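# Per-entry structural report
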Amino acid sequence: MAARKPIRIRFVGDISFNDRYIELLESGTKPFEAISPVLKEADLAVGNLECLAEGSSENEKKVPRIKTSVKALDALKDLNLGLVTLATNHVYDNLKEGFENSIQKLNELHISYLGASTDKTEATLPHVFEKDGWKIGFLNYVHEDTNPKLPEGADVYPNMFWMHQIIEDIMRLKEEVDKVVVLLHWGGKCDYGYFPHEEQIGQAKQMIDAGADAIIGHHTHTFQSNMVYKNAPIYFSLGNFCFDDIVNGKSVWPIRESGRKSGVVELEFSDEKTEHRVFPFRLDGLELKPDDSLKSDFAKWQRRFSLIRNLPGGYALYYYLLKRWEPVHFHAEQQNITMTGVAIQKVKRIFGGQ
């Protein structure tokens, strides 16, 4: 039997047409034009639709909330997306009306989706993509630690992260398809961190042991380090694809500098092996621009990730330092200066300087 032609699937992280993106996209401006060719070259492009359309009311229990307009969602067609994931912590921000407005638009654009529904059973179903003799199965879940804040009686059902159920789903789907890709909205304990939480490594390995051929994650806003286990690529988080500062009333949640560095991840499945690669890009204002200089930055964090994983007590030390480093790191990124610059500012204030 002749070998099948390899199939290439490319993935992007959180897609959010919130705040300033609404007016920009409604005007017909195309801020993704420089990166869209990368997605159009794929057999399938997959993204995490973080921001859904607005409705007439919002989930007041969730802070911060994000929303976009139905018209702005038309920009999804410029990305050549064939599939989006909906199991996110913002899936109910605009209640059932906003969810249904989004589903209607996805159907109009002929974009498939999985991971959430107004029907409990449908929310748990996988998506199977078929092309050139391949059957690729996708599963999508959202972890409770991402803070979905669903009120009692919520009538939209995201597919929640339960390890025992995920293992069962992988094993069942594996019998029906050639490859299984698990798409996870997780890592709430490491928001804006460059490394996944230690428990995520063990969970990812369990999924691979159950039959998953790749894991693609999102939610943390940063492009996190990756690893390979039993020849299966694990990308813990792809960070932001596009995201604007979140404004709720007088409160603002700005996107940090690290949240502006990301990449399109490619999985290439062949009968012999699975290959993976990254096409790095930067969020410049609201515009996406390819940026190969980020390869060295990603490689630096990759080396550090390998070090803490293999160093006895490495993760314990990492968490210890993170608790003390994070507030300073956050301020440095917001001011677009180094942590040394933050320290100098503090010294100047102590001694009455500006």
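The structure under discussion appears in the preceding block.
As the structure is a prediction and not an experimental result, all values here were calculated from the model.

## Some words on the overall build of the protein chain
Tallying secondary structure elements over the protein chain gives nine helices and 18 strands in all. Taking 354 residues into account, the globule formula puts the C-alpha radius of gyration at 20 Å, and the protein chain, at 20 Å, falls close to it. For the C-alpha atoms alone, the extent of the protein chain along its principal axes is close to 75 × 50 × 40 Å. The buried share among the 354 residues of the protein chain stands at 54%. Sequence-distant contacts in the protein chain: of pairs separated by 6 or more residues, those separated by 24 or more amount to 73%. Accessible surface, the protein chain: about 16,000 Å² in total, of which carbon and sulfur atoms supply 51%. Side-chain charges of the protein chain comprise 43 positive and 50 negative groups, with the mean position of each set lying 6 Å from the other.

## Focus on the sheet that holds strand β7 (residues 134-142)
Spatially, β6-β7-β9-β10-β12-β11 is the arrangement adopted by the six strands of the open sheet, whose pairing is mixed. At either margin of the open sheet sits one strand with a lone partner, and together these are β6 (127-131) and β11 (226-229). Neighbour to neighbour, the strand axes of the sheet diverge by 20° on average, direction disregarded. Bridge count between strand β10 (residues 214-218) and strand β12 (residues 232-235): two bridges; the pairing is parallel. When the sheet's bridge partners are listed, Ile-215 is paired in β12 with Ile-234. The strands touched by helix α6 (residues 198-210) are β9 (179-185), β10, β11 and β12; relative to β11, the strand with the most contacts, the crossing angle is about 35°.

## Structural notes on the pattern of salt bridges
Applying the stated criterion to the full structure yields 22 salt bridges. Across the salt bridge formed by Glu-108 and Lys-105, the nearest N and O atoms sit 3.1 Å from each other. Here Lys-105 and Glu-108 lie together in helix α3 (residues 95-108), a separation of three residues that amounts to about one turn. Salt bridges linked by common partners bring Glu-58, Glu-60, Arg-65 and Lys-67 together as one network.

## Re the side chain of Asn-18
By the element assignment, Asn-18 lies in the loop between β1 (7-15) and α1 (20-26). A distance of 3.0 Å separates the side chain of Asn-18 from the backbone oxygen of Asp-244, its partner in a polar contact. A distance of 3.4 Å separates a polar atom in the side chain of Asn-18 from the backbone oxygen of Asp-245. Ignoring sequence-local partners within four residues, the contact set of Asn-18 consists of Cys-51, Ile-66, Lys-67, Phe-243, Asp-244, Asp-245 and Ile-246.

Here is what the cut-offs are and how they apply
- Residues numbered from 1 in each chain as written.
- Predicted model: local features only at pLDDT ≥ 70, side-chain atom pairs only at ≥ 80, totals over all residues.
- Heavy atoms only, no water.
- Helix = DSSP H or I, 4+ residues; strand = E, 2+ residues; numbered from the N terminus.
- Rg over C-alpha atoms; globule rule 2.2 N^0.38 Å.
- Buried < 20%, exposed > 50% of the residue type's maximum accessible area, 1.4 Å probe, protein only.
- Contact = heavy atoms within 4.5 Å.
- Areas by Shrake-Rupley, 256 points an atom, 1.4 Å probe, with all protein chains shown as cover.
- Lys, Arg positive; Asp, Glu negative; His and termini not counted.
- Charge placed at Lys NZ, Arg CZ, Asp CG, Glu CD.
- Pairing = 2+ DSSP bridges.
- Axes fitted to C-alpha atoms, helices over the stretch in contact; angles between N-to-C directions.
- Salt bridge = Lys/Arg side-chain N within 4 Å of Asp/Glu carboxyl O.
- Polar contact = N/O pair within 3.5 Å; in protein donor to acceptor, adjacent residues only side chain to side chain.

Purely geometric stuff here, so don't read any function into it on its own.
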